Amino acid sequence: MGGAVRESLRELAKECSLPAALEAMGERWSFLILRGSFNGLYHFEEFQSELGIARNILANRLARLVDKGILERRPCPEDRRKIEYRLTDKGYALLPTMIALRQWGERWETCVPAFPVLVDTRDRKPIAQVTVQSHDGRVLQKGDLVWALPEDVAEDEDEPEARAAE
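Residues numbered from 1 in each chain as written. Predicted model: local features only at pLDDT ≥ 70, side-chain atom pairs only at ≥ 80, totals over all residues. Heavy atoms only, no water.

Topic: the overall build of the protein chain
Scanning the protein chain for helices and strands turns up 8 helices and 2 strands. Counted from the first residue to the last, the protein chain has its helices and strands arranged as α-α-α-α-α-β-β-α-α-α. Counting every position in the protein chain, which comprises 166 residues, the buried fraction comes to 21%. Within the protein chain, contacts between residues at least 6 apart in sequence are counted, and of these 47% link residues at least 24 apart. By element, 53% of the accessible surface of the protein chain is carried by carbon and sulfur atoms, the whole surface being about 12800 Å². (Helix = DSSP H or I, 4+ residues; strand = E, 2+ residues; numbered from the N terminus. Buried < 20%, exposed > 50% of the residue type's maximum accessible area, 1.4 Å probe, protein only. Contact = heavy atoms within 4.5 Å. Areas by Shrake-Rupley, 256 points an atom, 1.4 Å probe, with all protein chains shown as cover.)

Considerations on the pattern of salt bridges
Throughout the structure, instances matching the rule amount to 5 salt bridges. Note that Glu 72 and Arg 74 form a salt bridge whose closest N and O atoms lie 2.6 Å from each other. For Arg 74, a relative accessible area of 34% puts it in the partly exposed group. Measuring nitrogen to oxygen at the nearest pair gives 3.1 Å for the salt bridge that ties Asp 136 to Arg 138. (Salt bridge = Lys/Arg side-chain N within 4 Å of Asp/Glu carboxyl O.)

Some details on the packing of helix α3 (residues 28–38) against helix α7 (residues 95–110)
At their nearest, the axes of α3 and α7 sit 11 Å apart, and the two run at 110 degrees to each other. The angle between α3 and α7 falls in the class roughly perpendicular. As α3 runs across α7, the sense of the crossing is left-handed. Here Phe 31, Leu 34, Arg 35 and Phe 38 of α3 lie close against α7, whose contacting residues are Leu 95, Met 98 and Leu 101. In terms of residue class, the contact of α3 with α7 is made up of 6 nonpolar, no polar and 1 charged. (Axes fitted to C-alpha atoms, helices over the stretch in contact; angles between N-to-C directions. Parallel < 35°, antiparallel > 145°, perpendicular 65-115°, else oblique. Left-handed = near helix turned anticlockwise from the far one by under 90°. Nonpolar A, V, L, I, M, F, W, Y, C, P; charged D, E, K, R; others polar.)

Quick word on α7
Its maximal kink placed at Trp 104, α7 deviates by approximately 25 degrees. Where α7 is concerned, the buried positions are Met 98, Ile 99, Gln 103 and Gly 105. Its buried side turned inward, α7 meets α3. Directly after α7, the chain includes Cys 111, whose backbone phi takes a positive value near 60 degrees. (Bend = angle between axes of the 7 residues up to and from the residue.)

Comments concerning the packing of aromatic side chains
To describe a pair of aromatic rings, one takes the distance between the centres and the angle between the planes. Tallied over the full model, the rule gives 1 aromatic pair. With a centroid separation of 6.0 Å and an interplanar angle of 65 degrees, the aromatic rings of Phe 38 and Tyr 92 are classed as edge-to-face. Taken together, the residues span a long stretch of sequence, with Phe 38 in helix α3 and Tyr 92 in helix α6 (residues 89–92) at a distance of 54 residues. When its relative accessible area of 48% is taken as the criterion, Tyr 92 is described as partly exposed. Above the ring of Trp 29, the side-chain terminus of Arg 28 is found at 4.7 Å from the ring centroid. The aromatic ring of Tyr 42 is capped on one face by Arg 86, whose charged end is 3.4 Å from the ring centroid. (Phe/Tyr/Trp six-rings, centres within 6.5 Å; stacked < 30°, edge-to-face > 60°. Lys NZ or Arg CZ within 6 Å of the ring centre and 35° of its normal.)

Some details on the nonpolar core
Residues Ile 33, Phe 47 and Leu 62 are the most contacted members of the largest nonpolar core, which totals 20 residues. Breaking this core down by element, the ones donating at least two residues are α2 (17–25), α3, α4 (44–51), α5 (55–67) and β2 (83–87). Among the elements that take part in this core, α3 stands out by supplying 4 residues, more than any other. Excluding residues that lie within four positions of it along the chain, Phe 47 makes contacts with Ile 33, Gly 36, Ser 37, Leu 41, Tyr 42, Gly 52, Ile 53, Leu 58, Leu 62 and Tyr 85. (Core = buried A, V, L, I, M, F, W, Y, C linked by side-chain atoms within 4.5 Å.)

Listed below in structure tokens is the structure:
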């Protein structure tokens, strides 16, 4: 991903969304808590038992994910004294990132397929690899990408205001 824009990474970090995203998620435990949430864990005790995480670390990470709006705390419907941690829309939006990280780990770190296999509920076939796609759905490779300043981005002729709203 070469490109026309080449500025100091230190300067870009002030406005770049990647450091902000990493700050929101924290580190390994936050990703594992998120994975647990996607897999139906809701209660502190479930996370603690399934992940084998120390209670103080779990409490800290859950609080951070709640503060960042990724999880929400709500009373359990069956017992209002118990608290559930549920994914928010912002949390659900991390699903493609989680899948991409898992697929990357399978290919480059463990070198074996992960189990269980993530499948489409409609036909029970494995999901496709997460890819970077162009506006028209073409899969892009690293040589197809370039950084551009907002004023150098081509507008969609059909919806010129759509890009500005993003």
